[in-house]
Amino acid sequence: MTLPQYKRVVLKLSGEALAGEKGYGIDQEVLKEIAIQIKELQKYKVEIAIVVGGGNIWRGASASQRGMDRATADYMGMLATVINALALQDSLESLGVDTRVQSAIEMQQVAEPYIRRRAIRHLEKGRVVIFAGGTGNPYFSTDTTAALRAAEIEAEVILLAKGKVDAVYDADPLINPNAQKFSELKYMDLLNKGLGVMDSTAASLCMDNKITLVVFGLNKSGNIKRVIMGEKLGTIVRGEN
């Protein structure tokens, strides 16, 4: 039997990915497909933590560019991630997968507060943990949240699942059909070339903590499992060593 490449992972799901082809809101079929893959991975004893974005509901950065106070816009975006987290939790639990949502913004009626040791204990017990509410602070993206949580729980890899692209390219492949795909990069390449896969804060945090990043697409069924089992999909990003 093929063994998984990683034991503890952070899966970063963008809000865009959860919207599917609708482009806005939550696509139930996408949620179901993600939940099925995660349930299947549990038999391999893979510990899975998930960080969700909120761009399918609200984009704080875009709102601030239109004149809204940046901190207010970002807090609204954090609330959007909680909506996505609860929807994903519901989809997972409908398949019998024990799941806990931990929010960086306290809302005791719907989620646990984020506590590092409790999150690790949930993972050790085979539960899926969904991190919502970003870092709990404005001006930080959910990519930075993924890097921070991965470092805190000592995850081996961040799986950056994209909705519209399947790897890192030297230009936007949705605009430029001749964009060149990268199979492997260094974090300094992301920073120096401004490739836009994740913001510089997140990339620096991953580089400093030697966390591997795999950028891949959710455009094909089963891609999450393929990446965890070691199949070379998308782009892998590592530190200088």
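Okay, so let's go over this structure.

Cut-off values and rules
- Residues numbered from 1 in each chain as written.
- Predicted model: local features only at pLDDT ≥ 70, side-chain atom pairs only at ≥ 80, totals over all residues.
- Heavy atoms only, no water.
- Axes fitted to C-alpha atoms, helices over the stretch in contact; angles between N-to-C directions.
- Helix = DSSP H or I, 4+ residues; strand = E, 2+ residues; numbered from the N terminus.
- Parallel < 35°, antiparallel > 145°, perpendicular 65-115°, else oblique.
- Left-handed = near helix turned anticlockwise from the far one by under 90°.
- Contact = heavy atoms within 4.5 Å.
- Nonpolar A, V, L, I, M, F, W, Y, C, P; charged D, E, K, R; others polar.
- Phe/Tyr/Trp six-rings, centres within 6.5 Å; stacked < 30°, edge-to-face > 60°.
- Buried < 20%, exposed > 50% of the residue type's maximum accessible area, 1.4 Å probe, protein only.
- Lys NZ or Arg CZ within 6 Å of the ring centre and 35° of its normal.
- Core = buried A, V, L, I, M, F, W, Y, C linked by side-chain atoms within 4.5 Å.
- Expected span 1.5 Å × (residues − 1).
- Arc of directions from axis to C-beta.
- Pairing = 2+ DSSP bridges.
- Salt bridge = Lys/Arg side-chain N within 4 Å of Asp/Glu carboxyl O.
- 1 Å grid on protein atoms, 1.4 Å probe; cavity = no way out; pocket = protein on both sides within 12 Å on 5 of 7 lines; lining within 4 Å.
- Points joined across faces, edges and corners; volume = space filled by probe spheres on them.

Put simply, helix H6 (residues 142-153) and helix H8 (residues 200-208) touch, their axes get as near as 8 Å, and they point 15° apart. With respect to H8, the element H6 is oriented roughly parallel. Crossing geometry of H6 relative to H8 is assigned as left-handed. Within the contact between the two elements, H6 uses Asp143, Thr144, Ala147 and Leu148 and H8 uses Thr201, Ala202, Leu205 and Cys206. Across the contact of H6 with H8, the residue classes break down as five nonpolar, two polar and one charged.

As enumerated under the stated definition, the model contains one aromatic pair in all. Between Tyr114 and Phe131 the ring centres are 5.5 Å apart and the planes differ by 80°, which places this aromatic pair in the edge-to-face class. Here Phe131 lies in strand S5 (residues 128-132) and Tyr114 lies in the loop between strand S4 (112-113) and helix H5 (116-124), a separation of 17 residues in the sequence. In terms of burial, Tyr114 and Phe131 fall into one category: buried. Its end group placed over the ring of Tyr114, Arg149 keeps NZ or CZ at 3.7 Å from the ring centre. Here the guanidinium or amino end of Arg149 rests over the ring plane of Phe131, the centre of that ring lying 5.8 Å away.

Along the chain, Ala132 turns up in strand S5. Here the alpha-carbon distance between Ala132 and Glu112, two residues 20 residues apart in the chain, equals 9.9 Å. Apart from the residues lying within four places of it in its own chain, the contact partners of Ala132 are Thr81, Val82, Ala85, Val101, Gln102, Ser103 and Ala104.

Let us now look at the nonpolar core. Ranked by size, the top nonpolar core spans 37 residues in total, and within it Leu11, Leu13, Ile50, Leu88, Ile130 and Leu159 carry the most contacts. Within the residue set of this core, elements represented by two or more residues are strand S1 (8-13), helix H2 (28-42), strand S2 (47-52), helix H4 (70-93), S5, strand S6 (157-162), strand S10 (212-217) and helix H9 (223-228). Discounting chain neighbours no more than four positions away, the residues touching Ile130 are Ile50, Val52, Ala85, Leu88, Gln89, Leu92, Thr99, Arg100, Val101 and Gln102.

Okay, H2 next. In this model H2 runs 21 Å from its N-terminal to its C-terminal C-alpha over 15 residues, within 8% of the 21 Å that 1.5 Å per residue would give. Within H2, burial applies to Val30, Leu31, Ile34, Ala35, Gln37, Ile38 and Leu41. For H2, the arc enclosing every buried residue in end-on projection is 165°, short of the 170-degree limit, so these residues lie on one face. Facing away from the buried side of H2, by more than 90 degrees, are the exposed residues Gln28 and Glu29.

In this section: the sheet that holds strand S11 (residues 235-238). Across the sheet, nine strands lie side by side as S4-S3-S5-S2-S1-S6-S10-S11-S9; this open sheet has mixed pairing. Either end of the sheet is taken by a strand with one partner, and the two such strands are S4 and strand S9 (184-186). Bridge count between S2 and S5: three bridges; the pairing is parallel. Residue pairing in the sheet places Ala49 in a bridge with Val129 of S5. Those strands touched by H2 are S1, S2 and S5, and its axis lies near 155° from that of S2.

Looking now at the pattern of salt bridges. Under the counting rule described, the total for this entry stands at ten salt bridges. One salt bridge in this structure joins Glu40 and Lys225, with 2.6 Å as the shortest N-O distance. Here Lys225 lies in helix H9 and Glu40 lies in helix H2, a separation of 185 residues in the sequence. On the basis of relative accessibility, which here comes to 30%, the residue Glu40 falls in the partly exposed class. Each of Lys7, Arg8 and Glu47 takes part in salt bridges that share partners, so that together they form one network.

A few words on the layout of surface pockets. Space left empty within the atom packing is revealed by a probe, the size of a water molecule, rolled over the atoms. Here the largest pocket is characterised by a volume of approximately 1,000 Å³. Along the walls of the largest pocket sit 44 residues, with Arg59, Ser141, Thr142, Asp143 and Lys162 positioned nearest its centre. Where the lining of the largest pocket is concerned, the elements lending two or more residues are helix H1 (15-19), helix H3 (60-65), H4, H6 and strand S7 (168-169). With five residues, the top contributor of residues to the lining of the largest pocket is H4. Looking at the second largest pocket, its volume works out to about 330 Å³.

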